[in-house]
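What follows is the residue order along each chain.
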Amino acid sequence: MDVKLSGSKSKAGERAVKWTLGIVLACALVAPGVFWTPYLRILSTILFAGLALIAGRALMAGLLTFKRSPVPAAKPDNVEWPTVSVLVVAYNEAAVLPRTMASMLNIDYPHDKIEFVYVYEKRSTDGTGALVRSFAEGDRRFVPVERDSPRGGKAAATNYGLDHCTGEFLMSLDADHSVEPHIVKRAVQHLLADPKVGCVKGRAMGMNAKESFLANLTKVERDAIEKGDIYVRQVMNGFTFFGGGQAIFRRSVFESVGRFDEEILVEDIDFSVKLHAAGWKILVDPEIRTHEENPARLKDWWAQRKRWGRGWMQVASRYMPQLASMPNISLFQRADLAFTLLYVLMPVLFVAGFPLKLVGLLGYDTRTYIPWDGVEAVGWTLFGVTPFIGWLCMWMQDRRDGVKHAWREFPAFLFLQSYLVFQTLVFWDAFLEEHILQKPSVYVKTTKTGGELPATIAPRPDGLAEAVVVAE
């Protein structure tokens, strides 16, 4: 798999051809209705039912996530803390490493039981290797590992790093994540308490909301999804999964299911399915918080979300046919996984709503087949307000739990619905490249600028960091 930066230029001619094809396909999807009107009503009914299902689940999730995070059992006094390897892969990450590596120094874990393995790409051009080596000179827990390979992608670099990790448990972190001091102990306690838990996933929170309006809006979205979608799966005992940004594993899971797939664009989701299929649990605890940098520029955001969209579609193509033959996954979890994998296609269907609306303005009947008066109006209203309700539920939960949000997020959340509608175009772009044009997979690395220290990690006079809570 190749890798490129999100700021890399693509050819204007190729983009024009792709989007022309996309418009033609979207129009072709509704074209039969010109000759057979019931087709338009069937299409409208399917679209409405899909959106109602998504909105209903989101509203339910907003309420269910008021349930507090699972509290791990305390480590028995006669059990020593196990060794932990924190694995970070870095390619052109000089902008973020001073912040994120400094936060590692404050992790509350026995010094002789933890190591920080940094796999940096030799082809980095911004001094990433020099930064990693400089930290290693000052603290023997930092283990610099240079990787010189033409094979790109995070999965390939992570697999390479696994051979250099010595810990009984392995925490994988993206290079832009700053950590809170308690997270390793809390995650390890979960793993010690239940031998069936193979992975613990925490909550990644945005931290660079000041950088741009898009960064602020993306933070609002991600904070809500991490709590209202990913955590609610834990509450419902549904299909839980971990994002590649942060998770901690038992080393034995790699012995039972293998390593990360280097050919898929979301190796974390693919690995999550494999863990469940092998009988392991993935536990989600939003009290295990790290702070990530969200894209601040539209082209970076688009490239990142398109990679996610194509990756989810690859996972859907791989595992939808296998759902019936996964005996280690409960029926409800399989249903939840099926919903999750089909969900990625809903934005593609939603794109059909644009030409469908135009056809309706031309006088064609695009009503649904819902027989009850007023249901459509209520349904569309609920769909419109669901993102706001979900975010407010998350905000109230975080306020109860002492997690702060800046007031600048409130104006941004008013644009959530428009943002999500716009995001359907990204998934349409991903669908065209993955299933229509069948373009080769390219891991697009999101460009990072460095951001600011999160509210729970304030700078020290020596330029490192200390764990304190500060008001924004």
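Conventions adopted
- Residues numbered from 1 in each chain as written.
- Predicted model: local features only at pLDDT ≥ 70, side-chain atom pairs only at ≥ 80, totals over all residues.
- Heavy atoms only, no water.
- Core = buried A, V, L, I, M, F, W, Y, C linked by side-chain atoms within 4.5 Å.
- Buried < 20%, exposed > 50% of the residue type's maximum accessible area, 1.4 Å probe, protein only.
- Helix = DSSP H or I, 4+ residues; strand = E, 2+ residues; numbered from the N terminus.
- Contact = heavy atoms within 4.5 Å.
- Pairing = 2+ DSSP bridges.
- Right-handed = clockwise from strand over helix to strand, strands pointing away.
- Phe/Tyr/Trp six-rings, centres within 6.5 Å; stacked < 30°, edge-to-face > 60°.
- Lys NZ or Arg CZ within 6 Å of the ring centre and 35° of its normal.

1. Thoughts on the nonpolar core
- Within the largest apolar cluster, 34 residues are counted, with the highest numbers of intra-cluster contacts made by Val84, Val86, Met104, Tyr118, Val184 and Ile248.
- Elements supplying a minimum of two residues to this core: β2 (84-90), α3 (97-104), β3 (114-121), α4 (128-138), β5 (169-174), α6 (183-193), β7 (197-206) and β9 (281-292).
- In terms of residue count, the dominant contributor to this core is α6 (five residues).
- With sequence-adjacent residues up to four places away left out, Ile248 is seen in contact with Val84, Phe169, Leu170, Met171, Ala187, Val188, Leu191, Gly198, Cys199 and Val200.
- Counting residues in each nonpolar core, the second largest holds 29 residues, with Phe241, Leu323, Phe427 and Trp428 among its members.

2. A few points about the environment of Val344
- Its location among the elements puts Val344 in the loop between α11 (331-343) and α12 (346-351).
- With 17 residues separating them in the primary sequence, Val344 and Leu361 have C-alpha atoms 28 Å apart.
- Excluding anything up to four places from it in sequence, Val344 contacts Gly309, Trp312, Met313 and Phe427.

3. Concerning the pairing of β3
- Most of β3 sits out of view: eight of its eight residues are buried.
- Because side chains alternate across β3, one face comprises the buried residues Ile114, Phe116, Tyr118 and Tyr120, and the other comprises Glu115, Val117, Val119 and Glu121, equally buried.
- Strand direction decides the pairing type here: β2 and β3, joined by seven bridges, are parallel. Within β3, the residue paired with Leu87 across the bridge is Val117.
- Once the chain exits β2 it traverses α3 before rejoining the sheet at β3, and the crossover so formed is right-handed.

4. Quick look at the packing of aromatic side chains
- Under the defined criterion, the tally for this structure stands at 32 aromatic pairs.
- Taken together, the ring pairs connect Phe388, Trp391, Trp395, Trp407, Phe410 and Phe413 into an aromatic cluster.
- Against the face of Tyr369 rests Arg41, its NZ or CZ located 4.2 Å from the ring centre.

Functional significance is not addressed by these values, which are geometric in nature.
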